[in-house]
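An overview of the molecular structure
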Amino acid sequence: LKKGGQVLITTPNLARLNNRLKILFGKSINYDIWLPYNDGIHYREYNREELVYLLKSNNLEVKEVKFIYLDYKDSNLFIRTINFISNLLFRKMRSNIIITAQK
């Protein structure tokens, strides 16, 4: 980025509730390693602290961090309902992170 330039990053939130539930029940939060590679999946997810660290270590000033809820229609109804309720109660467990930074 040029001096004064800004970057906007959106990513799934590693700390979202459905990941926590998967771990609680002994499941992996990662995609099934036996499935074929798919260009549209995230092999590495980040939490807020990791994103802030990466941006600051690259001499960027973090301007804003937001946690947002996206309803993933491919999840079953039970998981979607739990996610919806937790997103109302626990901001940092929302499904996605939006972070802006400036050089």
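Residues numbered from 1 in each chain as written. Predicted model: local features only at pLDDT ≥ 70, side-chain atom pairs only at ≥ 80, totals over all residues. Heavy atoms only, no water.

**Points about the overall build of the protein**
Rules: Starting at the N terminus, helices and strands are each numbered in turn, a helix being any DSSP run of H or I of at least four residues and a strand any DSSP run of E of at least two. Residue contacts follow a heavy-atom distance rule, with two residues in contact if any of their heavy atoms lie within 4.5 Å. Using the Shrake-Rupley algorithm and a 1.4 Å probe, accessible areas are obtained, with residue cover drawn only from the displayed protein chains. Charge convention: Lys and Arg are scored as positive, Asp and Glu as negative, and His as well as the terminal groups of each chain are ignored. All charge positions are set by atom: Lys at NZ, Arg at CZ, Asp at CG, Glu at CD.
Counting its secondary structure elements, the protein contains three helices and three strands. Along its sequence from the N terminus, the protein presents helices and strands in the succession β-α-α-β-α-β. Taking the intrachain contacts of the protein between residues at least 6 apart in sequence as the baseline, contacts between residues at least 24 apart amount to 78%. Of the roughly 7,700 Å² of accessible surface on the protein, 58% is carried by carbon and sulfur atoms. Of the charged side chains in the protein, 17 are positive and 9 negative, and the gap between their average positions amounts to 7 Å.

**Some words on helix H2 (residues 48–56)**
Quick note on the threshold: Partly exposed describes any residue whose relative accessible area lies between the buried limit of under 20% and the exposed limit of over 50%, with all areas from a 1.4 Å probe on protein chains only and scaled to the type maximum. Taking the helix axis as origin, the arc is that swept by the directions to the C-beta atoms. Whenever a nitrogen or oxygen atom comes within 3.5 Å of another N or O atom, the pair is scored as a polar contact, on the condition that within protein one atom can donate a hydrogen and the other can accept it, and that pairs from neighbouring residues in sequence are kept only if both atoms are in side chains.
Burial in H2 covers these residues: Leu51, Val52 and Leu55. All buried residues of H2 lie within an arc of 100° about the axis, which places them on one face of the element. The opening residue of H2 is Asn47, an N-cap whose side-chain oxygen sits 3.1 Å from the backbone nitrogen of Glu49.

**Quick word on the pattern of salt bridges**
Operational definition: Criterion for a salt bridge: a side-chain nitrogen of Lys or Arg within 4 Å of a carboxyl oxygen of Asp or Glu.
The full count for this structure, using the stated rule, is four salt bridges. Residues Glu45 and Arg16 are paired through a salt bridge, measuring 2.8 Å at the closest nitrogen-oxygen approach. Of this pair, Glu45 sits in the loop between helix H1 (17–24) and H2 while Arg16 sits in the loop between strand E1 (6–12) and H1; the two residues are 29 residues apart in sequence, bridging distant segments of the chain. Overall, the relative accessible area of 10% leaves Arg16 in the buried class.

**Topic: the environment of Phe84**
Within the element layout of this structure, Phe84 appears in helix H3 (residues 77–89). Once the C-alpha coordinates of Phe84 and Phe25 are considered, the two residues, 59 residues apart in sequence, prove to be 20 Å apart.

**Examining H3**
Each full turn of the α-helix corresponds to 3.6 residues, which orients residues three or four apart in the same direction. The cut-off we apply is this: In this analysis, the expected span of each helix is defined as 1.5 Å times one less than the number of residues it contains.
The end-to-end C-alpha distance of H3, which contains 13 residues, comes to 19 Å, matching closely the 18 Å that a straight helix rising 1.5 Å per residue would cover. Lining the buried residues of H3 we find H1.

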